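Coordinates in review
Listed below, chain by chain, are the residues.
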Amino acid sequence: MHNSGSLALNSRKQQHTILCNINARSVKNKTAEIVDYICETKADLVAVTEHWLTVSDSACRTELCPNGYKIVDHVRSDRRGGGTGLIFREAFDVKKVEAGVSDGNSYEFSEWLIKWSSHNLRIVIIYRPPYSVNHRVSFSVFLSEFPK
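One structure accompanies this document, and this report is about it. (Residues numbered from 1 in each chain as written. Predicted model: local features only at pLDDT ≥ 70, side-chain atom pairs only at ≥ 80, totals over all residues. Heavy atoms only, no water.)

Time to look at the pairing of strand β2 (residues 16-23). Pairing between β2 and strand β3 (residues 45-49): five bridges, direction parallel. When the sheet's bridge partners are listed, cysteine 20 is paired in β3 with valine 46. Regarding the hand of the β-α-β motif, the stretch spanning β2, helix α1 (residues 31-41) and β3 is right-handed. (Pairing = 2+ DSSP bridges. Helix = DSSP H or I, 4+ residues; strand = E, 2+ residues; numbered from the N terminus. Right-handed = clockwise from strand over helix to strand, strands pointing away.)

Moving on, we come to the pattern of salt bridges. Inspection of every chain in the model, using the stated rule, returns six salt bridges. Ionic pairing is found between aspartate 57 and lysine 28, a salt bridge with its closest N-O pair at 3.1 Å. With aspartate 57 in the loop between β3 and α2 (58-63) and lysine 28 in the loop between β2 and α1, this pair connects stretches of sequence that are 29 residues apart. For aspartate 57, a relative accessible area of 16% puts it in the buried group. Aspartate 73 is paired through a salt bridge with arginine 61; the nearest N and O atoms lie 2.8 Å apart. Taken as a pair, aspartate 73 in strand β4 (residues 69-74) and arginine 61 in helix α2 lie far apart in primary sequence, twelve residues in all. As far as the burial class goes, aspartate 73 and arginine 61 line up, both buried. (Salt bridge = Lys/Arg side-chain N within 4 Å of Asp/Glu carboxyl O. Buried < 20%, exposed > 50% of the residue type's maximum accessible area, 1.4 Å probe, protein only.)

This part is about the side chain of threonine 31. Inspection of the secondary structure puts threonine 31 in helix α1. The exposure class of threonine 31 is buried, given its relative accessible area of 11%. There is a polar contact of 3.2 Å between the side chain of threonine 31 and the side chain of glutamate 63. Those residues in contact with threonine 31 that lie beyond four places of it in its chain are Cys60, Glu63 and Leu64. (Polar contact = N/O pair within 3.5 Å; in protein donor to acceptor, adjacent residues only side chain to side chain. Contact = heavy atoms within 4.5 Å.)

Structure follows, in structure tokens:
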């Protein structure tokens, strides 16, 4: 699991919303570690890439959420691995805008609209699988697709 840090988003009342990103490389054997991280950092929103969940992993989704949190996600259905998701406090209203894979298969994404109090935030979570025997898509293809 790789923690990419956190970002505090300021509101007018100087309260902070803490957004973190985790590249999990499979959450299935790390649920306790992820829950501990969320509780320790008091994260409000946690973007997760490479969660490796399938549609049938509802028990794992439940285990990933501390009390007062929910999860929404997009699975990578065409092969093993990948997937993006968002773990968030129940006080947030989260709706999926769009999700999928780029035309050239160089990255996958999910886009979420988050509402709370009088705030609106749009988050796009992107995962670019590395070049491999099973994913022969170069970084230059990603660069050409990403601006689209």
